[in-house]
Amino acid sequence: MNVWLLLGLLLVHEALEDVTGQHPPKNKRPKEPGENRIKPTNKKVKPKIPKIKDRDAADAPPKTQSIMIHMMDKGRFQKPAATLSLPAGQTLELRCKGNKIEWSYPAYLDTFKDSRLSVKQHERYGQLTLVNSTAADTGEFSCWGQLCHGYICRKDETKTGSTYIFFTEKGELFVPSPSYFDVVYLNPDRQAVVPCRVTVLSAKVTLHREFPAKEIPVNGTDIVYDVKRGFVYLQPRSDHQGVLYCKAEAGGKSQISVKYQLLYVEVPRGPPSTTILASSNKVRSGDDLSVLCTVLGEPDVEVEFRWIYPGQKDERPVTIQDTWRLIHRGLGHTTRISQSVMTIEDLETTDVGYYICTAQNLQGETTVATTVEFS
């Protein structure tokens, strides 16, 4: 009877587990103390990708900050626009923030060392002042900060300021020229500019040939007009040569510019093409000697000469004369001949040896030599 009672209790226990659904997990091992009880999951997590704008910002160059201020009357000031129009006679004052400021302004003011212009550096800003302004002062005024390490400084490209100023003056539609006739060289390797700049931004400017008399079309392909530079020949040719002038019209008035002679250049750009020639390579004691160094080049490219000669260490007296002239070779082709002549009188033993001439221009330098000896 006890056996049947035990079997009945087991059946009742299994029936209760079926009703509640609490089945003990099969083959489940007991957890050790301190064991991680978080169930692992197979959920995928997307990696974070930096935003495109964040990456672009990191690669972008630093923003340029305008540091120029235009000081006006009664203590007022403003940041100047890309172009300004001011009446001639007015005092111009520009300031640029920074303790090391450099300036650039129209070359006209530097060429004549104009006392009307003053540039000062204060503790926190640089100051440029121009009094009694004239139409000839029209041009670009700019400033920039400097980054210095010891005595070595470089331009801070992030801190600059610039404005082009038109100084309007009665009776002056063109920026005055120091001469009544100017030469413009046409080189096929670079742009050429006929500098017909105006003092009134809204002026209509045209280009004209003197003979045969006609207006030259500005089509934007061969020739363009830049109000800050003048008429620009993008690809100069030999048929562009001739005598030209410009005409400006504004406010019901017109004005003719100075004349420009356009000459075509046949000599290519590069280091000087140099030759050297002695009056005689066989000399006698007491003779006079001349050594000639010659360069053929572009009409508007200046050449500098340097000499090394046998008597230099002994400070032997010599005469050196540098000259240049333009040679017209026909069909409008023009060449500049630059020469340097060294002359030595009453030759001595110390004058025998190598005479070396070095000619230098903006594209490089060339060295040539000749020998002089006693016969």
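To be clear, the structure that these remarks concern was listed above.
A brief report on the enclosed structure follows. In this text, all values refer to a predicted model and were calculated from it rather than measured experimentally.

### Examining the state of the cysteines
Inspection of the entire model under this criterion finds 4 disulfides. Disulfide pairing is shown between C196 and C246; the S-S distance is 1.8 Å. Taking the sign of the S-S torsion, 75° for the link of C196 and C246, the bridge is right-handed. Here the residue C196 occupies a position in the loop between β12 (192-194) and β13 (204-209), and C246 occupies one in strand β17 (residues 242-250), the gap between them amounting to 50 residues. For C196, a relative accessible area of 1% translates into the label buried. Among the residues examined, C246 registers a relative accessible area of 0% and is labelled buried. Covalent S-S linkage joins C293 and C357, the inter-sulfur distance amounting to 2.0 Å. Because the sign of the S-S torsion sets the handedness, a value of about -90° for the bond joining C293 and C357 places this disulfide among the left-handed ones. Here C293, found in strand β22 (residues 289-297), pairs with C357, found in strand β26 (residues 353-361); they are 64 residues apart in sequence, far enough to count as distant. Along the protein, the cysteines engaged in disulfide bonds are linked according to the scheme 1-2, 3-4, 5-6, 7-8 when indexed in sequence order.

### Some words on the packing of aromatic side chains
Each aromatic ring pair is specified by the distance between its two centres and by the angle formed by the two planes. Enumeration over the complete set of coordinates arrives at 3 aromatic pairs. Seen in terms of ring centroids, F141 and F167 are 6.5 Å apart; in terms of plane orientation they differ by 75°. Their pairing is edge-to-face. Pair noted here: F141 is in strand β9 (residues 139-149) and F167 is in strand β10 (residues 152-168), with a separation of 26 residues, a long-range link. Neither residue differs from the other here; F141 and F167 are each classed as buried. The ring centre of W144 lies 5.1 Å from the NZ or CZ of K155, which sits over that ring. Directly above the aromatic system of W324 lies the positively charged group of R336, at a separation of 3.8 Å from the ring centroid.

### Regarding the nonpolar core
Among the nonpolar cores identified, the biggest contains 23 residues, and V194, L207, F231, Y233, C246 and L262 are the most heavily contacted of them. Contributions of two or more residues to this core are made by β11 (181-186), β12, β13, β16 (230-233), β17 and β19 (259-265). Residue contacts for Y233: discarding those within four places in its chain leaves Q191, A192, V194, L207, I216, D222, I223, H240, L244 and L262. The next biggest cluster of nonpolar side chains, apart from the first, holds 19 residues, and it includes L289, V295, F305 and L347.

### A short note on the sheet that holds strand β23 (residues 304-308)
Strands pair in a sheet through their backbones, by hydrogen bonds, and they do so in one of two ways: parallel or antiparallel. Taking strand neighbours across the sheet as the criterion, the 4 strands line up as β21-β27-β26-β23 in an open arrangement whose pairing is mixed. Each edge of the sheet is formed by a strand with only one pairing partner; in this case those strands are β21 (282-283) and β23. Pairing analysis gives 5 bridges linking β23 to β26, with the strands arranged antiparallel. Looking at β26, one finds that W307 is bridged to C357.

### Section: a nonpolar patch on the surface
On the surface, Y180, F181 and V183 cluster together into a nonpolar patch covering about 360 Å² of accessible area. Looking at where V183 falls in the secondary structure, it is placed in strand β11. You can call V183 partly exposed: its relative accessible area is 32%.

### Quick word on the pattern of salt bridges
Counting across every chain of the model gives 11 salt bridges. Among the salt bridges present, the one from E249 reaches K247, with a minimum N-O distance of 3.7 Å. By relative accessible area, K247 is classed as partly exposed at 27%. One salt bridge in this structure joins R306 and E365, with 3.3 Å as the shortest N-O distance. Here R306 is found in strand β23, whereas its partner E365 is found in strand β27 (residues 364-374), with 59 residues between them in sequence. Note on R306: relative accessible area 40%, which makes it partly exposed. You can call E365 partly exposed: its relative accessible area is 44%. Through salt bridges that share partners, D222, R237 and D239 make up one connected network.

Conventions and cut-offs
- Residues numbered from 1 in each chain as written.
- Predicted model: local features only at pLDDT ≥ 70, side-chain atom pairs only at ≥ 80, totals over all residues.
- Heavy atoms only, no water.
- Disulfide = S-S within 2.5 Å.
- Helix = DSSP H or I, 4+ residues; strand = E, 2+ residues; numbered from the N terminus.
- Buried < 20%, exposed > 50% of the residue type's maximum accessible area, 1.4 Å probe, protein only.
- Phe/Tyr/Trp six-rings, centres within 6.5 Å; stacked < 30°, edge-to-face > 60°.
- Lys NZ or Arg CZ within 6 Å of the ring centre and 35° of its normal.
- Core = buried A, V, L, I, M, F, W, Y, C linked by side-chain atoms within 4.5 Å.
- Contact = heavy atoms within 4.5 Å.
- Pairing = 2+ DSSP bridges.
- Patch = residues over 30% accessible without salt bridge, like charges linked within 9 Å, V, L, I, M, F, W, Y side chains within 5 Å.
- Areas by Shrake-Rupley, 256 points an atom, 1.4 Å probe, with all protein chains shown as cover.
- Salt bridge = Lys/Arg side-chain N within 4 Å of Asp/Glu carboxyl O.

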